[in-house]
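Coordinate inspection notes
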Amino acid sequence: MMEKKVNAIDVRNVTKIYTSGNAQTKALKNANLTIYDNEFFTLLGPSGCGKTTLLRLIAGFEDITDGSINLFNQEIVNLPPNKRPVNTVFQQYSLFPHLNVYENVAFGLRRLKKDASFVESRTFEVLELVQMKEYANRKPNQLSGGQQQRVALARALAPEPKVLLLDEPLSALDLKLRQAMRFELKTLQRETGITFVFVTHDQEEALTMSDRIAVINEGEIQQIGEPEQIYESPSNKFVANFIGEANLLSGVCKTSGENGVCELDTGHELNLFVPPHIKQNDKVTIFIRPERIKIEKSSKDKSQLRISEFTYLGNAATIQLKSNNQLINVNLPIEDLKIFKKDDYVDLHFPKESAQVID
Amino acid sequence: MQTKNKKRKFRYVWNFPGFGGWTAIFFGFLYIPIFILVCYSFNSSKFAMIWTGFSFRWYAKLFSNDDIQTATINSFIVAFAAAPLATIIATFSALALVRGGEFRFREFSSGLITLPLMVPEIVTAVATLIFFASLGINLGLINVIIAHTVFCIPFAFMPIKAALEAMDPNLELAARDLYSDKTSTFKTITLPLLTPGILSGFMLAFVISIDDFIITLMVAGGGATTLPVYIYSMVKMGVSPEVNAVSSLMLAFSIFIVTLYWFFNRKINN
């Protein structure tokens, strides 16, 4: 794993402004990121955050306002879409309705003027890869959503693009199919060795499939990292809230530095790393995942924390603790389900390194 | 149970009392005269409204009438020249307005193209007449072709615009993404997908041109008489069974074209 990584896509200071009439919308603000060769890279964010804009800028469907995009160290900003060796899988598949499955998949190869025998062998090879060979003569409207999805994938993979761009390709499928396709996409990426750039608003999708994730909000990249990094140490409140469940608890700094101490408004003291720019008595926000908090039984005179909600989930439970003005969410593991019930008084433990001071 | 039944009774508009009757009267008023006209075109009697027996006599007479034949040929010349011209112009307009991105006066231009649909035809007719007269253009049938081309554009424009708006713009992007340049994208994706819309626009323009009377009457000089104008001049001399026959033929032709139009339209919606 220590081999040198090759940059597939470099996005440098990219800004995109949409102008309609006198109104201007900044869809991307000075975005920077690097996507490595052979990587499954996900752009994750809420709708309207700019993730699709970035994908369309890479594909060449939109003109860039400022900045540069390199593909394997070659500037591509001034190339039209048909001159860029990248292919796109569209959200609504956008298969050509007047062409059959075979002609859809062969389309790119024909435009590249490949010779007839290669077009045929490659088209069937890709159709085989997505298990759609026997549907070659069907028209797109004779296929189910999942099948259309496979054809769209095959069509984009056939010309062997250097990078495959996927614009929320699973969002139109039902849940079961979506989960199966996640696994298939991941396998396909590994088998073909093509760099995938995947756009989604679904954090679970992003966490399960990606090698790395860029979290985007309001046109700005919030954090780039491996799924674990993003989940365990989000760089700000937005990322913490957008990925999974998060407790953001307010408190005061007692000691900063490597072995810092903070006191929560609930009276609990935590040992954690406090960045040096935070001084004593500064107000801080502390991030901790609900499943990291350990609780134990207590009594009314010792603790102010009462279980105000208890939601049974079958294989686990989520509970909400109330104290003064703070709500704390905790996930209970299955073995603790029987121990606690609503209106119990409890006490908290925060395992060291499970909490973090957050901006 | 009682209230439920009552509610159900007025769920559909035809459950309102009297609705069915009015509908029947409406359809009767609309179609019975046409039906009778077609029936009487097969009447052997010399008088238009007295039935004496079945015959093709008036149809035979039509085919030996040189004036009617000239008028029919004129009508077809005009329609086959004006409808394609109008369709081509309408296609380019629709492409510019729907796929041309944002530009100044886009909405306004779109409205301006369809506005003639709402302008009283007699206004257009008189204006066209004055226009030709003041410029001194007097080219017979060509005047009629120019006038028909212009007023058929909005009719051809509507279905083409609708077809283009229904087309997923991502299809063209997908083609561009798959190494297709602008020209080949238009040839391989846009045009084939737009063909049903263009054909239905053409059919509509064709029928409108064939049927037009008011503008043609104003614009057509001597020797440029089309069929509807000729029929009108026949009626002025009294309704002869020949008029019934020629009207029936025109009706049959229009139904044929409208059926084609409907067929292509259904293809767009699929």
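Note that the coordinates shown come from a computational prediction; the quantities given were computed from them, not determined experimentally.

**Here we look at the nonpolar core**
- Core analysis: the biggest nonpolar cluster contains 89 residues, and Ile9, Leu43 and Phe96 of chain A have the highest contact counts within it.
- Sorting elements by how many residues they give to this core places helix α7 (residues 141-166) of chain B first, with 12 residues.
- Setting aside residues up to four positions removed in sequence, Phe96 of chain A forms contacts with Asn104, Phe107, Pro140 and Arg155 of chain A together with Leu171, Ala174, Ala175, Leu178 and Ile189 of chain B.
- With 34 residues, the next largest nonpolar core counts Val89, Leu109, Leu143 and Leu153 of chain A among its residues.

**Quick look at the interface of chain B and chain A**
- If you look at the interface, chain B gives 17 residues, while chain A gives 24 residues.
- Where chain B abuts chain A, roughly 1,800 Å² becomes buried across the two surfaces, and 65% of that area is made up of carbon and sulfur atoms.
- It is Asp177, Leu178 and Tyr179 of chain B in chain B that bury the most area against chain A; as a group they hold 42% of the surface buried on that side.
- For the interface between chain B and chain A, the tally reads zero salt bridges.
- Counting across the chain B and chain A interface gives six residue pairs in polar contact (both at pLDDT 80 or more).
- If you list the elements that add at least two residues to the side of chain B that touches chain A, you get α8 (169-177) and α9 (182-211) of chain B.
- Per element, the largest residue contribution to the side of chain B that touches chain A is seven residues, and it comes from α8 of chain B.
- Its residues assigned to classes, the side of chain B that touches chain A shows nine nonpolar, four polar and four charged.

**Side note on the pattern of salt bridges**
Residue and element names in this part refer to chain A.
- By the definition in use, this model includes 19 salt bridges over all chains.
- Among the ionic pairs, Glu128 bridges to Lys133, the shortest N-O distance being 3.3 Å.
- We classify Glu128 as partly exposed; its relative accessible area is 48%.
- The partly exposed category is assigned to Lys133, whose relative accessible area is 38%.
- The network of salt bridges with shared partners includes Arg182, Asp202 and Glu204.

**Observations concerning the state of the cysteines**
- This model, assessed by the stated rule, comprises zero disulfides over all chains.
- Considering cysteine sulfurs only, Cys253 of chain A is the nearest to Cys262 of chain A, which forms no disulfide, with 4.9 Å between them.

**Details of the confidence of the model for chain B**
- Looking at chain B, the pLDDT average stands at 87 and 94% of residues meet or exceed 70.
- Per-residue pLDDT, averaged within each element of chain B, yields its smallest value for helix α1 (residues 2-9) of chain B (51) and its largest for α8 of chain B (95).

**What to know about the domain arrangement of chain A**
All names here are of chain A.
- By domain assignment, chain A separates into domain 1 (7-241) and domain 2 (245-358).
- Averaged C-alpha coordinates put domain 1 and domain 2 at centres separated by 39 Å.
- On the side of domain 2, nine residues touch domain 1, which itself brings 10 residues to the contact.
- Together, the buried faces of domain 1 and domain 2 total about 830 Å²; carbon and sulfur atoms form 47% of this surface.
- Ranking the residues of domain 1 by area buried against domain 2 places Tyr231, Lys237 and Ala240 at the top, with a combined share of 55%.
- The interface formed by domain 1 and domain 2 holds one salt bridge in total.
- Joining domain 1 to domain 2, the criterion identifies five residue pairs in polar contact (both at pLDDT 80 or more).
- Grouping the constituent residues of the side of domain 1 that touches domain 2 by class yields four nonpolar, four polar and two charged.

Reading the values: rules and limits
Residues numbered from 1 in each chain as written. Chains lettered and ligands numbered in written order. Predicted model: local features only at pLDDT ≥ 70, side-chain atom pairs only at ≥ 80, totals over all residues. Heavy atoms only, no water. Core = buried A, V, L, I, M, F, W, Y, C linked by side-chain atoms within 4.5 Å. Buried < 20%, exposed > 50% of the residue type's maximum accessible area, 1.4 Å probe, protein only. Helix = DSSP H or I, 4+ residues; strand = E, 2+ residues; numbered from the N terminus. Contact = heavy atoms within 4.5 Å. Buried area = accessible area lost by both parts, 1.4 Å probe. Salt bridge = Lys/Arg side-chain N within 4 Å of Asp/Glu carboxyl O. Polar contact = N/O pair within 3.5 Å; in protein donor to acceptor, adjacent residues only side chain to side chain. Nonpolar A, V, L, I, M, F, W, Y, C, P; charged D, E, K, R; others polar. Disulfide = S-S within 2.5 Å. pLDDT = per-residue confidence, 0-100. Domains from an automatic or database assignment.

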